[in-house]
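This is what each chain is made of:
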Amino acid sequence: MAFIYFKNIHHFCIRYIAICLKSCMIFRESKYHIYHIIIGAHMSIVTGWKTQYKAYNQNIKRFILATVFTQLGMGMYTIMYNFYVRELGYSEQTNGTIIAMTALASALILVPAGLMSDKFGRKKVMVLGVAISTFAFFARSILEIDQLLIGTAFITGVSTAFIQVSGIPWLAENSTSSQRVHLFSFHSAIMMAAQVVGNIAGGAFSDAFQFIFHLSGLWSVRITLLIATIIYMAGILPILKMNEQPRKQPEIKTVASFRQKLRTNKSQIKLIAMFAFAQMIIGFGSGLVIPYLNLYFADRFLASNTVIGLILSLGQAATAIAMIIGPAIVSKVGEVVVYLQLSSLPFLLLTGYTENLYIAAIGFLFRQALMNAGNPIQASLVMGRVDDSMKGLANSVNQMVFSLGWALMGPISTSIVMLYGAYWGYAYVFTITSVLYLIGSLYFLFVFTGKSFQKEEKQIAKIS
């Protein structure tokens, strides 16, 4: 009975896609309306993004260049590192522990890192983060003892947190309110595009070293990781060239001054907490699936590294396109962030239950684009409503609760897969993720579109 029940979910997802396609044929007026919206968005992108980019100052352009290098290296590194641990002969639980330790370190350090970023400056914190994380990536690429792998994973989580908490506030402080939605979308799209190239390059390099140069599986992955580390390290050069005005240090440097800061910004703290709760639910769902997508395609479909890299890179590309088009679509048909996220759930379930690689890839692509398209808009919503002195804290809290989900759910995900196997294990994991995404999206919908939030938003705008 259970088998029939879960198979029905698979059939439901296929029917869902068929109904969507059929609806486009039946409701021609709606189809033409959506068609014109998309075409209009595309035409505005061609001219609009050029104008937007030219208006950005050198600090933003240099940070975007740094993002290209770091995300290109990260894209190569993250797609191959799970396979590196597997090539060393460790179990999936070790993989889960390493990922959980990285996320746990980020969760622990993100708020202190955000406060450091607010106090000492974004540039100094980012330089420190890139330097330490480069050392950590290099060490993780050559070490083989599991305790050392876990320890350097912790260092990675700490160091990358300094970059995470400083990037969005840096963009917000160097842009105007009218630029932020487009800027955040453009930056996110650049991140995705760099990861696309990194994912493809990681899988291609690894397979080339193994099948063309006849290196062992371990050394082919290891050399790929070292190349990724070098590319990542290059991202520090544009950051060093960025210019930041010295920050005014408060006269009273005590814990009491921080408490006073919280008391005088209660409305902003409330807003940060509301966003953080939504991020925490989504993070718990994401932590079950996203870190192990490469293992999912390898275990269930026996896909090669090149194929896995191609699939994951296409997912990043779909996300990048959705993020670029997102602001134009929102300006025409309203903020549809939550509805995009909800529409991604059938595709997530389809990916979890199908036994066909092509269907899984298609479901994954739609899930990636729909679920992540609204992230820049949400980030702009937060950054636009908090004071500069609170931006680092706001961003770090959101990143912290998201990382907490990855830290706690990673071992649970690998344990479920080991217990129930490559099919039912991933099916259960994808189902739990869908439920958590549903709860998080509905919470965001009801809380941030309600009248009480609109009144609170007006109060915050007066304070900011």
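Residues numbered from 1 in each chain as written. Predicted model: local features only at pLDDT ≥ 70, side-chain atom pairs only at ≥ 80, totals over all residues. Heavy atoms only, no water.

Regarding its fold elements, the protein presents 19 helices and zero strands. Relative to its 464 residues, the protein shows a buried fraction of 51%. Taking as baseline every contact in the protein between residues at least 6 positions apart, the subset at least 24 positions apart corresponds to 86%. In the form shown here, the protein has an accessible surface area of approximately 21,400 Å², with 69% of it arising from carbon and sulfur atoms. (Helix = DSSP H or I, 4+ residues; strand = E, 2+ residues; numbered from the N terminus. Buried < 20%, exposed > 50% of the residue type's maximum accessible area, 1.4 Å probe, protein only. Contact = heavy atoms within 4.5 Å. Areas by Shrake-Rupley, 256 points an atom, 1.4 Å probe, with all protein chains shown as cover.)

Moving on, we get to the packing of aromatic side chains. Following the criterion strictly, the structure yields 22 aromatic pairs and no others. Summarising the aromatic geometry, the rings of tyrosine 81 and tyrosine 84 are spaced 5.6 Å apart at their centres and angled 40° between planes, so their arrangement reads as tilted. Placement of the pair is tyrosine 81 and tyrosine 84 together in helix H3 (residues 58–87), with a separation of three residues, close to one helical turn. Under the relative-accessibility criterion, tyrosine 84 is labelled buried at 0%. Aromatic rings pair up to connect Tyr296, Phe297, Phe301, Phe364, Tyr426 and Phe430 into one cluster. One cation-aromatic arrangement involves arginine 140 over tyrosine 81; the distance from NZ or CZ to the ring centre is 4.2 Å. Geometry around tryptophan 219 places arginine 222 over its ring, the cationic atom sitting 4.7 Å from the centre. (Phe/Tyr/Trp six-rings, centres within 6.5 Å; stacked < 30°, edge-to-face > 60°. Lys NZ or Arg CZ within 6 Å of the ring centre and 35° of its normal.)

This paragraph deals with a nonpolar patch on the surface. On the surface, Met116, Phe120, Leu128, Ile132, Phe135 and Ile155 cluster together into a nonpolar patch covering about 500 Å² of accessible area. Mapped by element, the contributors of at least two residues to the nonpolar patch are helix H4 (92–120) and helix H5 (122–142). Within the fold, methionine 116 resides in helix H4. With a relative accessible area of 30%, methionine 116 lands in the partly exposed category. (Patch = residues over 30% accessible without salt bridge, like charges linked within 9 Å, V, L, I, M, F, W, Y side chains within 5 Å. Salt bridge = Lys/Arg side-chain N within 4 Å of Asp/Glu carboxyl O.)

The subject of this paragraph is the pattern of salt bridges. Applying the stated criterion across every chain yields a total of five salt bridges. The salt bridge involving glutamate 92 is made with arginine 86; its shortest N-O contact spans 2.6 Å. Ionic pairing is found between arginine 222 and glutamate 144, a salt bridge with its closest N-O pair at 2.9 Å. Linking arginine 222 in helix H8 (residues 217–233) with glutamate 144 in the loop between H5 and helix H6 (146–173), this pair joins segments that are 78 residues apart in sequence. Each member of the salt-bridge network shares a partner with another, and the members are Arg86, Glu92 and Asp299.

Moving on, we come to the side chain of threonine 433. Checked against the element boundaries, threonine 433 lands in helix H18 (residues 388–448). When residues no more than four places from it in sequence are discounted, the contact partners of threonine 433 are Gly285, Ser286, Leu288, Val289 and Leu348.

Take the nonpolar core next. The biggest cluster of nonpolar side chains holds 84 residues, and the ones touching the most others in it are Tyr81, Tyr84, Phe297 and Ile308. Among the elements that take part in this core, H18 stands out by supplying 16 residues, more than any other. In contact with phenylalanine 297, other than residues within four places in its own chain, are Leu302, Ala303, Ile308, Ile311, Leu312, Leu357, Ala360, Ala361 and Phe364. Of all hydrophobic cores here, the second largest spans six residues; its members include Leu110, Ala161, Phe162 and Val165. (Core = buried A, V, L, I, M, F, W, Y, C linked by side-chain atoms within 4.5 Å.)

Looking at the element boundaries, threonine 70 is found in helix H3. At 3.2 Å, the side chain of threonine 70 and the backbone oxygen of threonine 67 are in polar contact. (Polar contact = N/O pair within 3.5 Å; in protein donor to acceptor, adjacent residues only side chain to side chain.)

The topology assignment puts serine 177 in the loop between H6 and helix H7 (180–212). On a C-alpha basis, the gap between serine 177 and methionine 383 in space is 9.4 Å, while along the polypeptide they are 206 residues apart.

With that out of the way, let us pick up unusual backbone geometry. Its identity is not glycine, yet histidine 214 carries a phi of approximately 60°, on the positive side. Along the chain, histidine 214 turns up in the loop between H7 and H8. Since its relative accessible area comes to 65%, histidine 214 is described here as exposed. Phi angles above zero are rare outside glycine, and leucine 302 is one such case at about 55°. Inspection of the secondary structure puts leucine 302 in the loop between helix H12 (293–301) and helix H13 (305–333).

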